[in-house]
Amino acid sequence: MPKAGSSARPLSGKCSGCIAYQIRKVNWVHGNYVLDTLRATDNSTSGRAQLLAPYRKMNGGGCVVEAIQNRVIVAGGGPVGLIAALDLARRNVPVLVLESETTAIKDPRGAAFHPPTLEVLERLGVLNDLMAIGLKIPMWQIRNRDGRIVAEFDLGILKDHTAYPYRFHLGQQKVVPVLLGALAREANAEVRFGARVTGYDETNDGVIVHVTDDHGNVSTETARWLVGADGARSVVRKSAGIEFEGFTWPERFVVTNLGDDLSRYGFAHTNYVTDPDRWAVILRLENEAGEPNWRVTYPTDPELTDEQVLDPASIQERLADVISGGGPFHVRYAGIYRVHQRVAEHFRRGRVMLVGDAAHINNPLGGFGLNSGVQDAANLAEKLAEIWHGRGDETLLDKFDRQRRTSNVEFVQKASIRNKKMVEERDPEVRSAAQAELAAIAADPERALKHLLESSMINSVRTAALID
């Protein structure tokens, strides 16, 4: 049996001692069939052979090998993985989602949705349920730390280009239950929690995925294709030997959720606050009870420890820096994380594809990461379904790689880096000129439309679709 987390490799198909997926028994554990490796001599009774029948086939050497199940496995049960699974299921492709956590995601990050993402969610039939618990955001601001508004953009001018001329704010911890509910209604979809993917092996006609459950039991699952949606530390990506190229920003980011109503201080529901050292991104959300919940994200001093950064007094001081006249603030949550700009060398290798944070990560300025991941999922689901139903061949997956990787490199990475540079510009003359230009763009409807088609990711999705 290959070690957990070992690099993926094709199986030879030879007997050589009946190891690696060749003879198996079936145990019923926590409501799931778990396949355990046995030696050939253990497979002597007709009863066991009958029990194994759905899971195996004979190879040319007379040894029993596990049959590849006709389905797609998605590693990762976050929003991107679940959207990929739901899209596949709706296209009549059987799918199994393996999520390492024992419960649905609780992380409140990833809360801003752009129009192209809303179009995907509408097509999948979940948008109305999400709209009932989220916020439409028709306008966003760029402002200085002293409170002066630099530019204000009205997304209503996108009405001729999308049915959703606004941003939509909803924490991903609220999105996931809606997606799980939709998947539960699909007969050809299964979601399994407490199932950590630790590696995979690739055969000529499928993948054999190594799984460890929350009790430490090791098993395997098979499928025709594997989708890695298992986050920035993706085991699938590492097992495939795909490099994650890019860099890490020196400063960490702090994300806070506040119970205060920041509209009292003149903030719109989306704000980019500029300052060379103490910039911030401020978003209006709602908590689990439907009460106002303002998210303030800001950079840290790289020289400070996590404990110093998260000290309550330090958090209050930093919040007062960007919310002039406010405080003390009701901090419901505060967390710290490192920020990267990285893109996988490939989004496809053999029977494995990467989507979401497993394929690319970026700083949060602009809200591009999760939205780009949703586009990965939708693009891949369409192409996999075409292959599944015999309407296309595997070259479609190379096209997925070209479209989505190019889109991320050329738009997401460049735009998020550009946005960060804009809010933290140190040179007074450069900052003043850039802000004057933004104000002029916002005041000119034609230029504002062009700007919003870019920042709302409408152009990037259109451009990606044209890549052959």
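All values derive from a computational prediction rather than experimental measurement. (Residues numbered from 1 in each chain as written. Predicted model: local features only at pLDDT ≥ 70, side-chain atom pairs only at ≥ 80, totals over all residues. Heavy atoms only, no water.)

Enquirer: Before we go on, may I ask you to explain the overall build of the chain in this structure?
Expert: Along the chain, the regular secondary structure elements total 13 helices and 24 strands. Looking at the chain residue by residue over its 468 residues, the buried ones come to 53%. By sequence separation, contacts in the chain at least 24 residues apart represent 71% of the contacts at least 6 residues apart. When the accessible surface of the chain is totalled, it reaches about 20,200 Å², and 50% of it is carbon and sulfur. (Helix = DSSP H or I, 4+ residues; strand = E, 2+ residues; numbered from the N terminus. Buried < 20%, exposed > 50% of the residue type's maximum accessible area, 1.4 Å probe, protein only. Contact = heavy atoms within 4.5 Å. Areas by Shrake-Rupley, 256 points an atom, 1.4 Å probe, with all protein chains shown as cover.)

Enquirer: I tried to follow the pairing of strand β21 (residues 331-344) on my own but got confused; where do I start?
Expert: A regular strand carries its side chains on alternate faces of the sheet. Relative to β21, strand β17 (residues 244-258) is paired through 12 bridges, and the arrangement is antiparallel. Within the sheet, the bridge partner assigned to G246 lies in β21 and is R342. In terms of strand pairing, β21 meets strand β24 (residues 360-361) through two bridges, oriented antiparallel. Of the residues in β24, the one forming a bridge with V343 is H360. (Pairing = 2+ DSSP bridges.)

Enquirer: Looking at this structure, I do not really get the packing of aromatic side chains. What am I missing?
Expert: Two measures describe an aromatic ring pair: the distance that separates the ring centres and the angle between the ring planes. The final tally for this structure, using the stated rule, is nine aromatic pairs. Both rings, one in Y164 and one in Y166, keep their centres 6.3 Å apart while their planes meet at 80°; by these two values the pair is edge-to-face. On the accessibility criterion, Y164 (14% relative accessible area) is buried. Among the residues examined, Y166 registers a relative accessible area of 10% and is labelled buried. Between F347 and F400 the ring centres are 6.4 Å apart and the planes differ by 50°, which places this aromatic pair in the tilted class. Residue F347 is located in the loop between β21 and β22 (348-349), and its partner F400 is located in helix α10 (residues 395-424); the two are separated by 53 residues in the primary sequence. The residues F347 and F400 share a single accessibility class, namely buried. These aromatic residues form a ring-pair network of at least three members: W140, F153 and Y272. Across from the ring centre of W249, 3.9 Å away, lies the NZ or CZ of K420, which sits over that ring. (Phe/Tyr/Trp six-rings, centres within 6.5 Å; stacked < 30°, edge-to-face > 60°. Lys NZ or Arg CZ within 6 Å of the ring centre and 35° of its normal.)

Enquirer: Mind showing me how you'd approach helix α13 (residues 458-465) here?
Expert: Side chains of residues three or four places apart in an α-helix project in the same direction, reflecting 3.6 residues per turn. For α13, the set of buried residues is I458, N459, S460 and A464. The inward-facing, buried residues of α13 contact α3 (115-123), α10 and α12 (445-455).

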